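Survey of secondary and tertiary structure
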Amino acid sequence: MNDQKLHKFEKNEICSMEYGINMNLVKFYEVTRRTDHYVWFERIDETFTNATSKLDGYGQEGWKEPSPSSSRRSKEFRLKIYISKFNGDEKADMKYQGLIQKWNGKPIYYNSMD
């Protein structure tokens, strides 16, 4: 039997979404509440990491991480929780963009050049 713990959204947890066809765009979210079928998020600000800063010098490429202490946030919004058929983790589908899932705690590569 697999002892790996399945991910479930928890209040105040940081989540991420990567999307883009020829680019690698990144957004970060904080879970504000949840029920058995829905999860509420606020989009939070992100920043380039100090280690890589802006690789291209203009902010079109680099490594990003969330800034949860920033006051820049979106309005709270609700999405339906989906269970991954691949590994059983909870995810939320942002229609026409991508899947919101638990952030792994590491900076995420960002590239807005197409």
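Now for a look at the structure at hand. (Residues numbered from 1 in each chain as written. Predicted model: local features only at pLDDT ≥ 70, side-chain atom pairs only at ≥ 80, totals over all residues. Heavy atoms only, no water.)

Thoughts on the packing of aromatic side chains
Counted by the stated rule, this structure contains seven aromatic pairs. Ring geometry for Trp 63 against Tyr 109: centres 5.5 Å apart, planes inclined by 65°, an arrangement best described as edge-to-face. Of the two residues, Trp 63 is situated in strand S5 (residues 61–66) and Tyr 109 in strand S9 (residues 108–111); the sequence distance between them amounts to 46 residues. Classification of Tyr 109 as partly exposed rests on a relative accessible area of 25%. An aromatic cluster of three or more residues is present, and its members are Phe 9, Tyr 29, Phe 41 and Phe 77. Over the ring of Trp 40 we find Arg 33; its NZ or CZ atom is 4.2 Å from the centre of that ring. (Phe/Tyr/Trp six-rings, centres within 6.5 Å; stacked < 30°, edge-to-face > 60°. Helix = DSSP H or I, 4+ residues; strand = E, 2+ residues; numbered from the N terminus. Buried < 20%, exposed > 50% of the residue type's maximum accessible area, 1.4 Å probe, protein only. Lys NZ or Arg CZ within 6 Å of the ring centre and 35° of its normal.)

Thoughts on the pattern of salt bridges
Tallied over the entire structure, the rule returns eight salt bridges. Residue Glu 90 pairs with Lys 8 through a salt bridge whose shortest N-O separation is 3.7 Å. Highlighted residues: Glu 90 in strand S7 (residues 90–94) and Lys 8 in the segment before strand S1 (14–19), separated in sequence by 82 residues. Glu 30 is the salt-bridge partner of Arg 73, the closest N and O atoms lying 2.7 Å from each other. Separated by 43 residues along the polypeptide, Arg 73 in the loop between S5 and strand S6 (77–83) and Glu 30 in strand S2 (residues 25–34) bring together distant segments of the chain. Judged by relative accessible area, which is 12%, Glu 30 ranks as buried. (Salt bridge = Lys/Arg side-chain N within 4 Å of Asp/Glu carboxyl O.)

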